[in-house]
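# Tertiary structure, described
The lines below spell out each chain.
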Amino acid sequence: MYYKLNAVTQRLIQSAPSAYNPQCPPTESPPMIFATPTKYVSEAGNMVEYLGHNKSDGIPVHLKGGLMDKMLYRTTMALTIGGTLYCLMALYIAAQPRK
């Protein structure tokens, strides 16, 4: 017997056989996208290839833009710390019983 889901009542009802039967498992498996790696570790050796030169002068990446980056970073940190303190203060006030 064949069944389908009624869209109105959301119950199973009998139906006629159709050419499309979604309950059947697929006959062939889909192709694997990431079946094997393109380069093995032993082929690469110890050398790592970079697209450009890495200039590591000790400055974090988010501060390499100069004065504007420093101001944006410090403003963000101040707002984060201020918001955390405000939330803790509001939680403390809300936890106190009213007189």
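Residues numbered from 1 in each chain as written. Predicted model: local features only at pLDDT ≥ 70, side-chain atom pairs only at ≥ 80, totals over all residues. Heavy atoms only, no water.

### Description of the UniProt feature "transmembrane region" (unreviewed entry) in the chain
UniProt records the feature "transmembrane region" (unreviewed entry) at residues 71-95, using the numbering of this structure. Split by type, residues 71-95 is 100% helix and 0% strand. Its first and last C-alpha atoms lie 36 Å apart. (UniProt positions renumbered as here; feature names shortened; annotations may be inferred. Helix = DSSP H or I, 4+ residues; strand = E, 2+ residues; numbered from the N terminus.)

### A closer look at the confidence of the model for the chain
For the chain, per-residue confidence averages 76 on the pLDDT scale, and residues scoring 70 or more make up 63% of the total. No element of the chain has a lower mean pLDDT than helix α1 (residues 41-44), at 54, and none a higher one than helix α2 (residues 67-95), at 95. (pLDDT = per-residue confidence, 0-100.)

### A closer look at the pairing of strand β1 (residues 2-5)
Alignment of β1 against strand β2 (residues 12-15), held across 4 bridges, turns out to be antiparallel. Note on β2: the bridge partner recorded for K4 is I13. Turn length for the β1-β2 hairpin, with the two strands adjacent in sequence and antiparallel, is 6 residues, and the turn residue Q10 shows positive phi of about 60°. (Pairing = 2+ DSSP bridges.)

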